[in-house]
Amino acid sequence: MNFTEESEETQKELPNRSLLLAAGAACIGGTFQYGYNISVINAPTMYVQKFINQTWIERYHTTISEDFLTLLWSIIVSIFTLGGLIGASIGGTLSVKLGRKGTLLANNAFSLTAALLMGLSWPTGLFELLIVGRFFSGINAGIAICVQPLYLGEIAPTALRGAMGMGTSIFITGGILTGQVMGLREFLGREEYWPILLATTCIPAIVQLIVLPFFPESPRYLLIDKGDSEGCKKALKQLHGVGVCDTEREDIEKEKLNAAGVQAKKPWELFTDHSVRWQLLTIFLLNTAQQLNGINAIYFYADYIFRQSGLPEDKIRYVTVGTGACECLSALTCGMLIECLGRKVLIMGGYSLMSICCILFTLSLTFQEVSPVVPYLSMACVFAFILSFGLGPGGVTNILTTELFTQASRPAAYMIAGSVNWCSFFFIGLLFPFIVRGLQQYCFLVFLVVCVAVVTYIFLVVPETKNKTFLEIQLEFQSSKNKKANCVDGAGTTLLTTLKMIFK
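Residues numbered from 1 in each chain as written. Predicted model: local features only at pLDDT ≥ 70, side-chain atom pairs only at ≥ 80, totals over all residues. Heavy atoms only, no water.

Asker: Even after reading the chapter, I still don't get the overall build of the protein chain, so can you show me in this structure?
Answerer: Scanning the protein chain for helices and strands turns up 23 helices and 0 strands. Considering the protein chain as a whole, with its 504 residues, one finds that 52% of them fall into the buried category. (Helix = DSSP H or I, 4+ residues; strand = E, 2+ residues; numbered from the N terminus. Buried < 20%, exposed > 50% of the residue type's maximum accessible area, 1.4 Å probe, protein only.)

Structure (structure tokens):
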């Protein structure tokens, strides 16, 4: 191979600069905000509760009861998940009507409205604006986590689809880390700054509104859904470069021929479509497990463990920021490894390591008093669990949702996956305190069962999707289903033959 051939091959493996900028523009106003809004609400907890109490006194000339204050704070925090569920349920429909890029741009209206309401809550003395603002933030996050992976998966070339899809996970963890850092006292973590802190969610929205219009709509959406051949050609040239776009164009043309006459499906239509039964079951289980695998329990126990280890109170917040940095690092690592190792190896490896951490975590929490070293072993388990989650389940789940479906089914699949994810999020948030109270440190044995079950299912059912087109993945699922059906038919024939011989 001469130098020219080597340089051409390297160029094909590396993403186009325009492609990277388009992905960054989509993510900064998309799932980055999801992560940011999850973590940024934690820092001003005491200040917001104090504001609610002062407002209550000014209105009713009496202090608010502690139980009702806790209830109001819980509503402010949890209303985000309700908004997310609504956003996920409409995101797929909007992506068909407005396009992937158009939906991401329109979605910023919810973010800007949320920032305005939360920023005005303190000067107007209306804590109710925090509830409404968090609700709008949730809608923004629900739409973003549904449409952004869809956009990334459709603009990326087949060879880089996994790495590009990891942008969702990387920017979520980056958002979580940024929210934790902004909540430090050195930045906006002081009492007088909390309205500004909550209003900063408008900054990523403004950045996306400025940058994303310079990049094209999804080429697959343009050609398959809109029939815009010229627009698809221009988009591919801008995103992939002149020399690489022809191969992707052929792939999209094949998918268009396969989907000829087929309209974009509604979520309820997927449930009656036997051709995607195993794909649907896969994303249902993976998105449920993403919330029920114990990652929320780890974050719940982290504060307790850091205190048990003897860390000073003022240092605990910095260590908590370290957990966010740890998850961000693991997402970046997953992004670098996914095209090398494949999706199946990473997600199975991640859940396997999480299973081991569940066992070690249970033991370390059970024997906290045995030695002063044990709390530090628990801290190591916290970081190991977060690394394992980010290395596989945290990033690969969304990529598989993109890859297991073709163009007509993909938006509906994302609506189902998003709804399942948000419902599971709400479910674990509602029941987790009772699980911890009942099982205490043994609650991690429940999560151990979930992790082991997912590893078993992926090993038996889910094929490797690396470097395969969407049509090839669909055909592999169908051939796998036919093999299972043939096995069943063959077993039935053998059984009938045996019975005839017995009763002959």
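Asker: Just to check I follow, could you spell out the packing of helix 2 (residues 17–28) against helix 7 (residues 128–155) for this structure?
Answerer: Two numbers describe a pair of packed helices, the interaxial angle and the distance between the axes. At a minimum axis separation of 10 Å, helix 2 and helix 7 run at an interaxial angle of 175°. Relative to helix 7, helix 2 is oriented roughly antiparallel. Between helix 2 and helix 7, the contacting residues are Leu-19, Ala-22, Ala-23, Ala-26 and Cys-27 on the first element and Gln-148, Tyr-151, Leu-152 and Ile-155 on the second. (Axes fitted to C-alpha atoms, helices over the stretch in contact; angles between N-to-C directions. Parallel < 35°, antiparallel > 145°, perpendicular 65-115°, else oblique. Contact = heavy atoms within 4.5 Å.)

Asker: Would you take a moment to explain helix 4 (residues 45–60) for this structure?
Answerer: For the α-helix, the turn length of 3.6 residues means that residues three or four positions removed from each other point alike. Between its first and last C-alpha, helix 4 extends 22 Å over 16 residues, near the 22 Å set by a 1.5 Å rise per residue. Turning to helix 4, its buried residues are Tyr-47, Val-48, Phe-51, Ile-52, Thr-55 and Trp-56. As for helix 4, its buried residues are in contact with helix 5 (66–97), helix 6 (100–124), helix 7 and helix 9 (194–199). Following helix 4 by one or two positions, His-61 adopts a phi angle in the positive range, close to 60°. (Expected span 1.5 Å × (residues − 1).)

Asker: Would you explain the packing of aromatic side chains in this entry?
Answerer: How two aromatic rings sit relative to each other is set out by the distance from centre to centre and by the angle between their planes. One pass over the structure, following the stated rule, counts 12 aromatic pairs. Ring-pair connections join several aromatic residues into one group, and the members of that group are Tyr-34, Phe-80, Trp-422 and Phe-425. Across from the ring centre of Phe-470, 4.1 Å away, lies the NZ or CZ of Arg-410, which sits over that ring. (Phe/Tyr/Trp six-rings, centres within 6.5 Å; stacked < 30°, edge-to-face > 60°. Lys NZ or Arg CZ within 6 Å of the ring centre and 35° of its normal.)

Asker: Could you clarify how one ought to interpret the pattern of salt bridges in this entry?
Answerer: When their charged atoms lie close together, side chains carrying opposite charge are able to pair. As enumerated under the stated definition, the model contains 13 salt bridges in all. Where Arg-249 meets Glu-253, a salt bridge forms, and the shortest distance between an N and an O atom there is 3.2 Å. One end of the pair is Arg-249 and the other is Glu-253, both in helix 13 (residues 245–258) and 4 residues apart, which spans about a single turn. On the basis of relative accessible area, Arg-249 is assigned to the buried category, the value being 19%. Arg-343 is paired through a salt bridge with Glu-339; the nearest N and O atoms lie 3.3 Å apart. The burial state of Arg-343 is the same as that of Glu-339; both residues are buried. One salt-bridge network, in which partners are shared between bridges, spans Arg-100, Glu-154, Arg-220, Asp-251, Glu-255 and Arg-410. (Salt bridge = Lys/Arg side-chain N within 4 Å of Asp/Glu carboxyl O.)

Asker: What am I meant to see in unusual backbone geometry here?
Answerer: A positive phi is found at His-61, a non-glycine position, where the angle reads about 60°. Structurally, His-61 can be placed in the loop between helix 4 and helix 5. When its relative accessible area of 69% is taken as the criterion, His-61 is described as exposed.

Asker: Teacher, can you tell me more about the nonpolar core here?
Answerer: One broad trend across soluble globular proteins is that nonpolar side chains are buried collectively. Tyr-301, Tyr-351, Phe-361, Val-382, Phe-444 and Phe-447 are the most contacted members of the largest nonpolar core, which totals 50 residues. Here the element with the most residues in this core is helix 22 (residues 443–461); it accounts for 10 residues. Here Phe-361 is in contact with Ile-298, Tyr-301, Ile-305, Ser-378, Cys-381, Val-382 and Phe-444, once residues within four sequence places are set aside. Counting residues in each nonpolar core, the second largest holds 25 residues, with Ala-43, Trp-56, Met-118 and Leu-198 among its members. (Core = buried A, V, L, I, M, F, W, Y, C linked by side-chain atoms within 4.5 Å.)

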